[in-house]
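Breakdown of the fold
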Amino acid sequence: EVQLVESGGGLVKPGGSLRLSCVASGFTFNSYTMHWVRQAPGKGLEWVSSISSSSNYIHYRDSVKGRFTISRDNAKNSLYLQMNSLRVDDTAVYSCARTHASGTSDYWGLGTLVTVSS
Amino acid sequence: DIRMAQFPSTLSASVGDRVTITCRASQNIVRWLAWFQQKPGQAPKLLIFDASSLESGVPSRFSGSASETEFTLTISSLQPDDFATYFCHQYYDYPWTFGLGTKVEVK
């Protein structure tokens, strides 16, 4: 059974940092591009970043470029999101997702809540 | 960014009803469109990919269609388990973008 479990969320002040983790199980992690997607309270889904299976290709949405860094450790079946210079509008539930063969995503985790507030 | 206009935002229906949800892309995304179902406290579930391909294990009452930049999810006969929120997702280009969702509720 495919499972994605996120952790690392919490309350942080504006300008602070957090590192999110996503541990994968039930599939060959090192064969899949992975993604971070977020949803702010009462708002729609927003893609954040993607990383290819070998970390060769990385993409970020413009609003997080230079502040967030996506990475992975295939030996640990883990995906990460280092978030620096956090802003109030980064407040959201952050979920990791696996790429489906078609290019969309198929499996998602339940997410971890990041709250940026003074 | 490609904008995905999804409508309606809420839909009231009864078991057995035929339900249609639409997403309109702001530009050509070919057929790179997926539909997801999400229930409270659960992760999204992939229903349809490539606009009209049914994901494995998804009941055949779900179907997708496309006409240029307009995409439709149809539930042919709504079942009790189908009351949920549905959203579309384009993966034609980064940044991926999503519709705001359609909540299907009991009439």
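Please refer to the structure placed before this passage.
The residue count restarts for each chain, going from 1 along the sequence in the order it is written. Chain letters and ligand numbers both follow the written order, the letters beginning at A and the numbers at 1. Reporting of local features is limited, given that this is a predicted model, to residues whose pLDDT is at least 70; pairs of side-chain atoms are given and counted only at 80 or more, and all residues count toward the totals for whole chains, interfaces and linings. With hydrogens and water stripped out, all remaining heavy atoms of the structure feed into the side-chain values.

A word on the overall build of chain B. Comment: elements are numbered from the N terminus, with helices defined as DSSP H or I runs of at least four residues and strands as E runs of at least two. Secondary structure assignment for chain B yields zero helices and 11 strands. Helices and strands appear in chain B in the N-to-C order β-β-β-β-β-β-β-β-β-β-β. Based on C-alpha atoms, the radius of gyration is set beside the globule rule, defined as 2.2 Å times the residue count to the power 0.38. Computed over C-alpha atoms, the radius of gyration of chain B comes to 13 Å, within 12% of the 13 Å expected from 2.2 N^0.38 for 107 residues, which places it in the range of a compact globule. Projected onto the principal axes, the alpha-carbon positions of chain B cover approximately 35 × 25 × 25 Å. Counting all 107 residues of chain B, 46% fall into the buried class. We call two residues in contact when some of their heavy atoms are within 4.5 Å. Considering only intrachain contacts with a sequence separation of at least 6, the fraction spanning at least 24 residues in chain B is 55%. Exposure was quantified through the Shrake-Rupley algorithm and a 1.4 Å probe, taking into account, for residues, occlusion by the shown protein chains and nothing else. Total accessible area on chain B stands at roughly 5100 Å², and carbon and sulfur atoms take up 46% of it. Asp and Glu are treated as the negative residues and Lys and Arg as the positive ones, with His and the ends of the chain left uncounted. Charge positions come from single atoms, namely NZ of Lys, CZ of Arg, CG of Asp or CD of Glu. Computed over 9 positive and 10 negative side-chain charges, the inter-centroid distance for chain B is 6 Å. Exposure classes here rest on a 1.4 Å probe applied to the protein chains alone. A residue is buried below 20% of its type maximum, exposed above 50%, and partly exposed in between.

We now examine the environment of tyrosine 107 of chain A. Residue and element names in this part refer to chain A. Relative to the assigned elements, tyrosine 107 resides in strand β10 (residues 105-108). Measuring from C-alpha to C-alpha, the distance between tyrosine 107 and asparagine 74 comes to 18 Å, with 33 residues separating the pair along the chain. The contact partners of tyrosine 107, leaving out residues within four places of it in the chain, are Val2, Leu4, Cys96, Ala97 and Arg98.

Next up on the list: the side chain of threonine 102 of chain B. Tracing the backbone shows threonine 102 of chain B in strand β11 (residues 102-106). Sequence-distant contacts of threonine 102 of chain B, defined by excluding residues within four places in its chain, comprise Gln6, Phe7, Pro8, Ser9, Leu11, Ile21, Ala84, Thr85 and Tyr86 of chain B.

A few words on the pairing of strand β8 (residues 78-83) of chain A. Within a regular strand, the side chains alternate between the two sheet faces. All names here are of chain A. Of all six residues that make up β8, five are buried, and the element is covered over most of its length. Pairing between strands is defined by DSSP: at least two bridges between them are needed. Alignment of strand β3 (residues 18-25) against β8, held across six bridges, turns out to be antiparallel. Residue pairing across strands places cysteine 22 opposite leucine 79, the latter belonging to β8. Judged from the six bridges that link them, strand β7 (residues 68-73) and β8 form a sheet pairing that is antiparallel. Paired with arginine 72 across the two strands is leucine 79, which belongs to β8. The hairpin formed by β7 and β8 contains four residues between the paired strands, and asparagine 77 there has a positive phi angle of roughly 50 degrees.

This part is about the sheet that holds β7 of chain A. Residues and elements named next belong to chain A. What the four strands build is an open sheet, ordered β1-β3-β8-β7; its pairing is antiparallel. Each end of this open sheet is capped by a strand with a single partner; those strands are β1 (3-7) and β7. Looking at each pair of strands side by side, their axes are set apart by 15 degrees on average, direction ignored. Sheet topology note: the β1/β3 ladder contains five bridges and is antiparallel. Residue pairing across strands places leucine 4 opposite alanine 24, the latter belonging to β3. Axis geometry follows a simple rule: fit a line to the C-alpha atoms, using only the stretch in contact for helices, then measure angles between N-to-C directions, giving values from 0 to 180 degrees.

A separate point is the side chain of glutamate 6 of chain A. Residues and elements named next belong to chain A. Position of glutamate 6 among the secondary structure elements: in strand β1. We count a salt bridge whenever a side-chain nitrogen from Lys or Arg sits within 4 Å of a carboxyl oxygen from Asp or Glu. An unpaired buried charge is present at glutamate 6: no salt bridge exists, and arginine 98, the closest side chain of opposite charge, is 13 Å distant. One polar contact links the side chain of glutamate 6 to the main-chain amide nitrogen of cysteine 96, over a distance of 2.8 Å. Setting aside chain neighbours within four positions, we find glutamate 6 in contact with Ser21, Cys22, Trp36, Tyr94, Ser95, Cys96, Gly109, Leu110, Gly111 and Thr112. Within 3.5 Å is the distance limit for a polar contact, defined as a pair of N or O atoms, with the added protein rule that one can donate a hydrogen and the other accept it, and that residues adjacent in sequence qualify only through two side-chain atoms.

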